[in-house]
Each structure stands twice: as C-alpha cells, then as structure tokens.
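Observations on the three-dimensional arrangement
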Amino acid sequence: NGVSLALARQGYTLEIAPVIYDLSHGDERVIWPRFFDELCVDGVICLPSGEMFDIVKDKLAGFKQPGIWLNNKEPLEHWDCFVFNEHAGAERLTKHLIAMGKRDVVWLEKATPNKLHYSAVERRAGTLDTLKEAGLRHDMIVTIPACDNEAETCAKLFREYPDVDAVVTNTTATRLSSEYV
C-alpha cells in the first residue's frame, strides 16, 4: 500500500501487529507483538479500543520512539493524536439511510461499566441529531448487555418490531432484509 511504499523509500518497514486481549484465560491476559520486546522499533501508530486503551497506554508510557494515537482525544506526552469526526460520519450514514427510505431507525448500544469512548458518544449524537433534524423519531434507543451478540439482537428487533427498518450500532448499520431475520 501507499504507506508501506513511502516508508520503504525512506529505509523503514511497516509492520502491522495486533495487541491481543485474550479473554479465554479469564485473567485479562494481554499478548504483545514480538517486536515490543525483541526487535528494533522506530515508531508506533496505535489504534487501541475499549479496555485495551489503558493497557496499551501504560505499556507505551516509557516508549521513547515517536508515536501517533489514532482515534484518541486524551493528550499523551510525546505522542501526537489523530481524531476522526465521528459525528459527521454518523450524520452521513443516517442521511443515507433516510435517503433509502428508512424512517424507523433504532440506535443499539452495549451497556458498559467503563466511560464510553468519545467515538461512541459522537456517533450516537450524530445519528440521533440527524433523525431529529429530519423530523423522525429519535428516541428509539436499545441498550443491551456487553456480552450480547449485536447481530442476534438486530434480528430480534426486526422480528418483534415490524416497523423498525434500520438499526444503527456503535460499529455497524443494518437494514431490514431476509439475511438478518
């Protein structure tokens, strides 16, 4: 891709490696990419999410190489932050659904004991604000336990509430079709 080629021309290599949050052990075990401990790293681009944010932030606190945090508004010493306009993205998605004729749109979110990431808050506001501006219901909000499956919940909503024709979640938009029901 373009980033890899641009870095290669400068003598660098791009390696994409996930930090894995292994829930199967029940002890919140984190598996770090090999390069953190064994290889030379010139810099890091991070996109942590959810519970991983604080874990990754703590691990990289003493990291001396340059780094960029994606999708983070919290200032971090020696790190630049790049944020996305989540409100505008949700507004664009919702306008697209409205243009498709969707009128009964449900916002689906997962309950969390943690503070919601700014992106979730802005996506929710962008969706509900756009519905309100269009003169549509903007109070159809469903909160499910964090462990519930979003796809199954969407299918259940479509079955139990036949007027619902779209569900927007923190991560996806689903429209009514036989593949979901």
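Relevant structure appears above.
In this text, all values refer to a predicted model and were calculated from it rather than measured experimentally. (Residues numbered from 1 in each chain as written. Predicted model: local features only at pLDDT ≥ 70, side-chain atom pairs only at ≥ 80, totals over all residues. Heavy atoms only, no water.)

1. Quick word on helix H5 (residues 118-133)
Since the α-helix advances by 3.6 residues per turn, residues separated by three or four positions end up pointing in the same direction. Between the first and last C-alpha of H5 there are 22 Å, a value that for 16 residues agrees with the 22 Å anticipated at 1.5 Å per step. Those residues of H5 that fall on the buried side of the exposure criterion are Tyr 118, Ser 119, Ala 120, Glu 122, Gly 126, Thr 127, Leu 128, Thr 130 and Leu 131. Along its buried surface, H5 packs onto helix H4 (86-99), strand S6 (105-110), strand S7 (141-144) and strand S8 (166-169). Just downstream of H5, Gly 135 is the residue with a positive phi angle, here 75°. (Helix = DSSP H or I, 4+ residues; strand = E, 2+ residues; numbered from the N terminus. Expected span 1.5 Å × (residues − 1). Buried < 20%, exposed > 50% of the residue type's maximum accessible area, 1.4 Å probe, protein only. Contact = heavy atoms within 4.5 Å.)

2. Some thoughts on the packing of H4 against H5
Between H4 and H5, the shortest axis-to-axis distance is 7 Å and the interhelical angle comes to 40°. At the point where H4 passes H5, the crossing takes the right-handed sense. Contacts between H4 and H5 pair Glu 86, His 87, Ala 90, Glu 91, Thr 94, Lys 95 and Ile 98 from the former with Tyr 118, Ser 119, Glu 122, Arg 123, Ala 125, Gly 126, Thr 127, Asp 129, Thr 130 and Leu 131 from the latter. For the contact of H4 with H5, the class distribution of residues is five nonpolar, six polar and six charged. (Axes fitted to C-alpha atoms, helices over the stretch in contact; angles between N-to-C directions. Left-handed = near helix turned anticlockwise from the far one by under 90°. Nonpolar A, V, L, I, M, F, W, Y, C, P; charged D, E, K, R; others polar.)

3. Overview of the sheet that holds strand S5 (residues 79-82)
Spatially, three strands are ordered S3-S4-S5 in an open sheet, and the strand pairing comes out parallel. Among the strands making up the open sheet, the edge pair consists of strand S3 (44-46) and S5. Ignoring which end each strand starts from, the neighbouring axes of this sheet average 20° apart. One ladder, built from three bridges, connects S3 with strand S4 (residues 67-70); its direction is parallel. When the sheet's bridge partners are listed, Val 44 is paired in S4 with Gly 67. (Pairing = 2+ DSSP bridges.)

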